[in-house]
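# Chain and residue survey
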Number of protein chains: 2
Amino acid sequence: MGHPPQQPPIGLHVSRTAKVLSRAFGRALAQAGGSEPVWLILLALKRNPDSTQRRLADELEIREATLTHHLNGMERDGLITRRRAPENRRVHRITLTDEGQAAFLRLRAAAAEFDRRLRSGISGDELAAVRTVLHRLAENADGAPDPDEAGRPPCFSEERPH
Amino acid sequence: MGHPPQQPPIGLHVSRTAKVLSRAFGRALAQAGGSEPVWLILLALKRNPDSTQRRLADELEIREATLTHHLNGMERDGLITRRRAPENRRVHRITLTDEGQAAFLRLRAAAAEFDRRLRSGISGDELAAVRTVLHRLAENADGAPDPDEAGRPPCFSEERPH
DNA sequence: TATTGTTATACTCTATAACTATA
DNA sequence: TATAGTTATAGAGTATAACAATA
């Protein structure tokens, strides 16, 4: 029959595409004076201003120390301030400065523009279908690693994808 | 103003998925004693044993210096040898050692197993559709900084093979 | 002079472990 | 003791610039 379907593995394809997208996105954000992690952190802060750093790190799927590292840079750049919360002085309340707010708006505009460009010529149905498959790929990658190393008893009650 | 309950931008979705896939793939390759760049380099070497490092780097979308960096590690680990080609002593001929060959086989098995797991529950049609969209996303990200039907000189005759 | 590849250096993102400070 | 966060350190991956060797 036709051609040998010898397509690259789907994981490699996603990964390669992501690399291209990530670089282009990084360039777009850099032109707006930011970077991908800074943008993601600003976004998370906006959506959940009273979260703790631990929860933010979980949300961003990075370690607390990694988040601290980025926050240090953002504080040095004058985008945020950190002070201890009065009611629980272990947690640090993070606040956007005026400059941080401006950066958020700039980066949001750059991200929106980038996304508009990205999806040009792609229908909503196609995008929705891709999202579905991406979800399943992520599930397949994460769950069910290997018989060994698993040792995970089948006892989940609240494993909501998405 | 805007209605916030939107889906995340498609670029972010691809990027986030890729992060999950990449980490899982990295773990799978690490269990087989490798890493993603090493696997990709081994694969490229197998497919094109007589290429130059410059072409390999282009193919892998990394810089020559980056490739040298990885090759140094692979040589240190006994996976490859490098010697100058007799007919053009500027180019280095890269050869897999026996150990490199064994590593290739191990990593190939791990990659195949990972991919099998990854695509479980996803139909061939779905995968094909995703590939198509991924291609277009990469094109949109790379080219056409502003696609407002701007100057697209009609000079391509073979834009989309399928 | 052009091409091939390496070295030196540094940056970004991430991680682990040990630590401080609160509770 | 447990929790929130930081510091110190390291490592992987990448990049740029200057360089050496060869043509």
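Residues numbered from 1 in each chain as written. Chains lettered and ligands numbered in written order. Predicted model: local features only at pLDDT ≥ 70, side-chain atom pairs only at ≥ 80, totals over all residues. Heavy atoms only, no water.

Per an unreviewed UniProt entry, chain A carries the name MarR family winged helix-turn-helix transcriptional regulator and comes from Nocardiopsis suaedae.

## Re the packing of helix 2 (residues 36-47) of chain B against helix 5 (residues 98-118) of chain B
Residues and elements named next belong to chain B. In contact at an axis separation of 10 Å, helix 2 and helix 5 are set at 110 degrees when each is read in the N-to-C sense. Taken together, the axes of helix 2 and helix 5 lie roughly perpendicular to each other. Where helix 2 crosses over helix 5, the two elements pack in a sense that is left-handed. Residue-level inspection shows Val38, Trp39, Leu42, Leu43 and Lys46 of helix 2 in contact with helix 5, the latter providing Gly100, Gln101, Ala103, Phe104, Leu107, Arg108 and Ala111. In the contact of helix 2 with helix 5, the residues fall into 8 nonpolar, 2 polar and 2 charged. (Axes fitted to C-alpha atoms, helices over the stretch in contact; angles between N-to-C directions. Helix = DSSP H or I, 4+ residues; strand = E, 2+ residues; numbered from the N terminus. Parallel < 35°, antiparallel > 145°, perpendicular 65-115°, else oblique. Left-handed = near helix turned anticlockwise from the far one by under 90°. Contact = heavy atoms within 4.5 Å. Nonpolar A, V, L, I, M, F, W, Y, C, P; charged D, E, K, R; others polar.)

## A look at the interface of chain A and chain B
On the chain B side, the residues contacting the 52 residues of chain A number 53 residues. Between chain A and chain B the total buried area reaches about 4800 Å² when both faces are included, carbon and sulfur atoms providing 59% of it. Three residues stand out in chain A for area buried against chain B, namely Ile10(A), Arg117(A) and Arg131(A), and they jointly supply 14% of the buried area on that side. Applying the counting criterion to the chain A and chain B interface returns 2 salt bridges. Run the count over chain A and chain B and you get 22 residue pairs in polar contact (both at pLDDT 80 or more). (Buried area = accessible area lost by both parts, 1.4 Å probe. Salt bridge = Lys/Arg side-chain N within 4 Å of Asp/Glu carboxyl O. Polar contact = N/O pair within 3.5 Å; in protein donor to acceptor, adjacent residues only side chain to side chain.)

## Notes on the protein's contact with DNA strand D
Close to DNA strand D lie 25 residues, the nearest being Gln53(A), Arg54(A), Thr68(A), Arg82(A) and Arg89(B). Backbone atoms, meaning sugar and phosphate, make up 75% of the atoms of DNA strand D lying within 4 Å of the protein. Here a phosphate oxygen of DNA strand D and a side-chain polar atom of Arg54(A) are 2.7 Å apart. Contact between DNA strand D and Arg89(B): a phosphate oxygen at 2.8 Å from a main-chain N or O atom of the residue. Put simply, the parts of the chain that give the surface near DNA strand D at least two residues each are helix 1 (10-31), helix 3 (53-60) and helix 4 (64-76) of chain A together with helix 4 (64-76) of chain B. Split into classes, the residues belonging to the surface near DNA strand D amount to 5 nonpolar, 10 polar and 10 charged. (Near = heavy atom within 4 Å.)

## Observations regarding helix 6 (residues 124-142) of chain B
Think of an α-helix as turning once every 3.6 residues; residues three or four places apart then point the same way. Its 19 residues give helix 6 of chain B an end-to-end C-alpha distance of 27 Å, which sits within 8% of 27 Å, the value for a rise of 1.5 Å per residue. Burial in helix 6 of chain B covers these residues: Leu127(B), Val130(B), Arg131(B), Val133(B), Leu134(B), Arg136(B), Leu137(B), Ala138(B), Asn140(B) and Ala141(B). Buried positions along helix 6 of chain B lie against helix 1, helix 5 (98-118) and helix 6 (124-142) of chain A together with helix 1 (10-31) of chain B. (Expected span 1.5 Å × (residues − 1). Buried < 20%, exposed > 50% of the residue type's maximum accessible area, 1.4 Å probe, protein only.)

## Notes on the protein's contact with DNA strand C
Lining the immediate surroundings of DNA strand C are 25 residues, of which Arg89(A), Arg90(A), Gln53(B), Thr68(B) and Arg82(B) lie closest. Contact distances for DNA strand C include 3.4 Å between a phosphate oxygen and a side-chain N or O atom of Lys19(B). A distance of 2.7 Å is found between a phosphate oxygen of DNA strand C and a side-chain nitrogen or oxygen belonging to Arg82(B). Listing elements by their share of the surface near DNA strand C, those giving two or more residues are helix 4 of chain A together with helix 1, helix 3 (53-60) and helix 4 of chain B. Of the residues contributing to the surface near DNA strand C, the split by class is 5 nonpolar, 10 polar and 10 charged.

## Section: the nonpolar core
Counting residues in each nonpolar core, the largest one holds 82 residues, and the members touching the most others are Met74(A), Leu137(A), Met74(B) and Leu137(B). Setting aside chain neighbours within four positions, we find Leu137(A) in contact with Ile10(A), Val14(A), Leu21(B), Leu118(B) and Ile122(B). (Core = buried A, V, L, I, M, F, W, Y, C linked by side-chain atoms within 4.5 Å.)

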